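# Structural overview
Listed below, chain by chain, are the residues.
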Amino acid sequence: MSTYTEDQRKVTTHRLIEMKQRGEKIAMLTAYDYSMAKLIDAAGMDVILVGDSASNVMAGNMTTLPITLDQMIYHAKSVIKGVKRALVVCDLPFGSYQGNSKEALASAIRIMKESHAEAVKMEGGSEIRESIERILCAGIPVMGHLGLTPQSINKFGTYSVRAREEAEAQKLIEDAKMLEEIGCFALVLEKIPATLATKVAQLVSIPVIGIGAGGGVDGQVLVMHDMLGINKGFSPRFLRRYADLSAIVNDAVAHYIDDVKTQDFPNEKEQY
Ligand code: KIV
């Protein structure tokens, strides 16, 4: 079905920058386990994000804050085994990089060594510059994340659109330029006005991947459970659902229960 799967070469950070240069949009989706990562990769995804949204969709937490570095490594390790082509990026979880740059580097090294992910993603701008620089110095590619940064939900108090005000928009622009300047290979912009996101994508040479940031950026990312309709309790305006897996699973499971109860399953051919 995908029109972009002919190119089976491994996606690298350099290839993403080339994609931006030739105007080819970048498709990114989250995954947290081997089986789904294998399917998503085989469909032709460019980037697979082992997001700390695993805290919500895999562990059932209200926020991304509780997930630990060990848990992120577990998810990334599983994803990596299913992926041949996509670039695999793993989120540094809350509390694993904000303390100081030495701790941040140690966390990033653990992700790279133990999971074999190919890059890390970090939320924030100037506040975490030193940590990002130290990680980059160790040869670890970093993807930035600005705008709505869910690890700061307790500071924001709401998941509503960020950077509507001039001062916040200006800081976001400065942070994006700084992330490019110090060597981040890409940037996620979450839930900000489309005009601002488009402006940032034009200002920086690194790919800008949006989620709720409009179509003027260099690529899009969604949370897999949301776009496949597994998680139906989350319906922001920016979300497009490509399947209704919760209905499909519900029907299949109800059918199975019925077959067991009525002794239709297993039949003679389904036994030894
Ligand atoms: O954790 C995550 O899934 C993310 C995306 C929403 C970009 O950071």
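Refer to the structure presented above.
This structure is a prediction, so every number in the text was calculated from the model and none was measured.

## Description of the overall build of the protein
When helices and strands are tallied, the protein shows 11 helices and 8 strands. In terms of C-alpha radius of gyration, the protein reaches 20 Å, essentially the compact-globule figure of 19 Å for 272 residues. By residue count, 49% of the 272 residues in the protein fall in the buried class. Within the protein, residue pairs in contact and separated by at least 24 positions form 58% of the contacts whose partners lie at least 6 positions apart. Total accessible area on the protein stands at roughly 14,000 Å², and carbon and sulfur atoms take up 55% of it. Separation of charge centres in the protein, based on 30 positive and 34 negative side chains, amounts to 3 Å.

## A few points about the side chain of Asp41
For Asp41, the location among the structural elements is in helix α2 (residues 34-42). One buried charged side chain, Asp41, makes no salt bridge at all; its nearest oppositely charged neighbour is Arg85, positioned 5.7 Å away. At 2.8 Å, the side chain of Asp41 and the backbone nitrogen of Ala86 are in polar contact. Among all residues touching Asp41, those that are not within four sequence positions of it are Ile48, Gly82, Val83, Lys84, Arg85 and Ala86.

## Examining unusual backbone geometry
The amide bond that connects Phe265 to the next residue, Pro266, takes the cis arrangement and shows omega of -5°. With respect to the element layout, Pro266 can be found in the segment after α11 (245-261). Notably, Lys191 is not glycine yet its phi reads approximately 45°, a positive angle. Given the relative accessible area of 19%, Lys191 is considered buried.

## So, the pairing of strand β1 (residues 26-30)
Of all 5 residues in β1, 4 are buried; the element is thus mostly enclosed. Strand direction decides the pairing type here: β1 and strand β8 (residues 219-222), joined by 4 bridges, are parallel. Looking at β8, one finds that Ala27 is bridged to Gln220. Once the chain exits β1 it traverses α2 before rejoining the sheet at strand β2 (residues 47-50), and the crossover so formed is right-handed.

## Thoughts on the side chain of Asp175
Inspection of the secondary structure puts Asp175 in helix α8 (residues 166-182). Here the side chain of Asp175 touches Lys171 through a polar contact of 2.5 Å, side chain to side chain. Setting aside anything within four residues of it in sequence, one finds Asp175 in contact with Gly125, Ser126 and Leu146.

## Here we look at the site of the ligand
Lining the immediate surroundings of the ligand are Thr30, Leu49, Gly51, Asp52, Ser53, Asp91, Lys121, His145, Glu190, Ile211, Val221 and Val223. Contact distances for the ligand include 2.9 Å between an oxygen atom and a side-chain N or O atom of Asp52. In the model, an oxygen atom of the ligand is placed 3.1 Å from a nitrogen or oxygen of the Asp91 side chain. Protein contact buries 95% of the 260 Å² of open area that the ligand shows by itself. For the ligand, the cavity whose grid points lie within 2 Å of the majority of its atoms is the second largest pocket. Of the residues belonging to the shell around the ligand, the class tally is 4 nonpolar, 4 polar and 4 charged.

## With respect to helix α9 (residues 194-203)
Inspection of α9 places Leu196, Ala197, Val200 and Ala201 among the buried residues, and these make up the whole buried set. Along α9, the residues classed as buried sweep out an arc of 135° about the axis, all on the same side. Across α9 from its buried face, at more than 90 degrees, point the exposed residues Thr195 and Gln202. Elements in contact with the buried residues of α9: α1 (13-21), α8, β6 (186-190) and β7 (208-211).

## A closer look at the layout of surface pockets
The computed volume of the largest pocket comes to approximately 1,200 Å³. As for the largest pocket, its lining consists of 37 residues, and the residues nearest its centre are Gln220, Val221, Leu222, Met227 and Tyr242. When contributions to the lining of the largest pocket are tallied by element, the ones reaching two or more residues are β1, α2, β7, β8 and α10 (224-227). The leading source of residues in the lining of the largest pocket is β1, at 4 residues. Per-class residue counts for the lining of the largest pocket are 24 nonpolar, 6 polar and 7 charged. The space that makes up the second largest pocket amounts to roughly 710 Å³. Within the residue set of the lining of the second largest pocket, elements represented by two or more residues are α3 (54-57), β4 (119-123), β6, β8 and α10. Class assignment for the residues of the lining of the second largest pocket results in 14 nonpolar, 12 polar and 7 charged.

What counts, and where the lines are drawn
Residues numbered from 1 in each chain as written. Predicted model: local features only at pLDDT ≥ 70, side-chain atom pairs only at ≥ 80, totals over all residues. Heavy atoms only, no water. Helix = DSSP H or I, 4+ residues; strand = E, 2+ residues; numbered from the N terminus. Rg over C-alpha atoms; globule rule 2.2 N^0.38 Å. Buried < 20%, exposed > 50% of the residue type's maximum accessible area, 1.4 Å probe, protein only. Contact = heavy atoms within 4.5 Å. Areas by Shrake-Rupley, 256 points an atom, 1.4 Å probe, with all protein chains shown as cover. Lys, Arg positive; Asp, Glu negative; His and termini not counted. Charge placed at Lys NZ, Arg CZ, Asp CG, Glu CD. Salt bridge = Lys/Arg side-chain N within 4 Å of Asp/Glu carboxyl O. Polar contact = N/O pair within 3.5 Å; in protein donor to acceptor, adjacent residues only side chain to side chain. Pairing = 2+ DSSP bridges. Right-handed = clockwise from strand over helix to strand, strands pointing away. Near = heavy atom within 4 Å. 1 Å grid on protein atoms, 1.4 Å probe; cavity = no way out; pocket = protein on both sides within 12 Å on 5 of 7 lines; lining within 4 Å. Sits in = over half its atoms within 2 Å of the grid points. Nonpolar A, V, L, I, M, F, W, Y, C, P; charged D, E, K, R; others polar. Arc of directions from axis to C-beta. Points joined across faces, edges and corners; volume = space filled by probe spheres on them.

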